[in-house]
Structures are given as C-alpha cells and as structure tokens.
Amino acid sequence: MQVLDNTKSKFFRKEHAQNGELLKIVSEGEIIHSEKFDRDDFYLEVETEMSGNKLIRLNNISKKNLVKYYGNDSAKWIGKYCKVNYIRQMVSGAMRDITILTDPSRDVEGNLVT
C-alpha cells in the first residue's frame, strides 16, 4: 500500500485538518496571483496539528467571518485561532467540499456553540 505524505505541500488541503479542528493563524497573510484563474487570492499561513504550517486561501465567507470576529487588520489576527469547517456546496455544476473558517466558538451559520 502506498502511503502519501500530506505534509509536503505548502498549500492547505482538506486532509491537513479534521472538521472542527482549530488552526492557529501565524501570519498576516499575503496576496498570491493565480495564473490559472487570473485573479489575486488572499492566503493566510495557519498552523495545523497534523501537517504543520500551511497556506490557506480564504474564500469570501471565511474572509468575512475573520474580519467580523477579529477586525479588518489581518496583522492583528496573528496568534488567534479559527475553526475549520467543511461543507458540501455546488460549485461550477459539481458538489464540492468547501472550507469555511469561523471563530472557534461559532458554527458555519454564526451560531454560538457550547
């Protein structure tokens, strides 16, 4: 059986963290241009329990959540935690797993969890 080492990629993938896991924000983020989609994407470096530090692309929902809970200065997010949530959503005609980052005390709808 071939075992894949999921720690080699510098970019975050679903197999790097479990649903509900807390990720520590370790950078203020950076803009990386996607040649494939010809757009600029905002990436944060986060520390995962299983795979070390990874760059995660923030979708609009995750950006809005982090700005809502931590403010619009991403330099002040360093050292704070966010919770990773995976949801199934229709994207370009196919159901895909989408990563949503939230405040550790909230679910993907923004409700407080205990």
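Cut-offs used in this document
Residues numbered from 1 in each chain as written. Predicted model: local features only at pLDDT ≥ 70, side-chain atom pairs only at ≥ 80, totals over all residues. Heavy atoms only, no water. Salt bridge = Lys/Arg side-chain N within 4 Å of Asp/Glu carboxyl O. Helix = DSSP H or I, 4+ residues; strand = E, 2+ residues; numbered from the N terminus. Phe/Tyr/Trp six-rings, centres within 6.5 Å; stacked < 30°, edge-to-face > 60°. Lys NZ or Arg CZ within 6 Å of the ring centre and 35° of its normal. Buried < 20%, exposed > 50% of the residue type's maximum accessible area, 1.4 Å probe, protein only. Lys, Arg positive; Asp, Glu negative; His and termini not counted. Contact = heavy atoms within 4.5 Å. Core = buried A, V, L, I, M, F, W, Y, C linked by side-chain atoms within 4.5 Å. Pairing = 2+ DSSP bridges. Polar contact = N/O pair within 3.5 Å; in protein donor to acceptor, adjacent residues only side chain to side chain.

Undergrad: In this structure, what is going on with the pattern of salt bridges? I would like to understand it.
TA: For the coordinates displayed, the defined rule picks out 5 salt bridges. When the shortest N-O distance is used, the salt bridge between aspartate 97 and lysine 14 registers 2.9 Å. Highlighted residues: aspartate 97 in strand E6 (residues 94–102) and lysine 14 in the segment before strand E1 (22–25), separated in sequence by 83 residues. Here arginine 57 and aspartate 41 are joined by a salt bridge, their closest N and O atoms 4.0 Å apart.

Undergrad: What is the right way to read the packing of aromatic side chains from this model?
TA: By convention here, two paired aromatic rings are described through the distance between centres and the angle between planes. Applying the stated rule across the entire model yields 1 aromatic pair. When the centroid spacing of 5.5 Å and the interplanar angle of 65° are considered together, the rings of phenylalanine 11 and tyrosine 43 count as edge-to-face. Here phenylalanine 11 is found in the segment before E1, whereas its partner tyrosine 43 is found in strand E3 (residues 39–48), with 32 residues between them in sequence. Positioned above the aromatic ring of tyrosine 86 is the side chain of lysine 14, whose terminal nitrogen or guanidinium carbon lies 5.4 Å from the ring centre.

Undergrad: How should the environment of valine 26 be read in this particular structure?
TA: Position of valine 26 relative to the elements: it lies in the loop between E1 and strand E2 (30–34). In this structure the C-alpha to C-alpha distance between valine 26 and serine 92, which are 66 residues apart in sequence, comes to 32 Å.

Undergrad: Got a minute to help me understand the side chain of aspartate 103 in this structure?
TA: The topology assignment puts aspartate 103 in the segment after E6. Arginine 106 provides the closest opposite charge to the buried, salt-bridge-free aspartate 103, at an N-O distance of 4.7 Å. Ignoring any residue separated from it by four or fewer positions in sequence, one finds aspartate 103 in contact with Tyr69, Tyr70 and Lys83.

Undergrad: What is the right way to read the nonpolar core from this model?
TA: Generally speaking, soluble globular proteins have nonpolar side chains that are buried together. Counting residues in each nonpolar core, the largest one holds 17 residues, and the members touching the most others are Leu23, Leu44, Leu58, Leu66, Trp77 and Leu101. Listed by contribution, the elements that provide at least two residues to this core are E1, E3, helix H1 (60–70) and strand E5 (81–91). Sequence-distant contacts of leucine 101, defined by excluding residues within four places in its chain, comprise Leu23, Ile56, Leu58, Ser62, Asn65, Leu66, Cys82, Lys83 and Val84.

Undergrad: Whenever I open this one, the pairing of E2 confuses me. Can you help?
TA: Regular strands place side chains that alternate from one sheet face to the opposite one. Inspection of the sheet shows E2 paired to E3 by 5 bridges, in the antiparallel sense. Opposite isoleucine 31, over in E3, you have phenylalanine 42 as the bridge partner. Two successive antiparallel strands, E2 and E3, enclose a turn made up of 4 residues, where aspartate 38 displays a positive phi of approximately 50°.

Undergrad: It is not clear to me how the environment of lysine 54 should be interpreted in this structure. Could you clarify?
TA: Summarising the element assignment, lysine 54 is placed in strand E4 (residues 52–57). The sequence separation of lysine 54 and glycine 71 amounts to 17 residues, and the corresponding C-alpha distance is 22 Å. Reaching out from lysine 54, the side chain makes a polar contact with the backbone oxygen of serine 9 at a distance of 2.2 Å.

Undergrad: Before we go on, may I ask you to explain the environment of histidine 33 in this structure?
TA: Along the chain, histidine 33 falls in strand E2. In the structure, histidine 33 is positioned 60 residues away from glycine 93 in sequence and 25 Å away in space, judged by C-alpha atoms. Sequence-distant contacts of histidine 33, that is, excluding residues within four places in its chain, are made with Asp38, Arg39 and Asp40. Reaching out from histidine 33, the side chain makes a polar contact with the side chain of aspartate 38 at a distance of 3.3 Å. One polar contact links histidine 33 to aspartate 40, side chain to side chain, over a distance of 2.8 Å.

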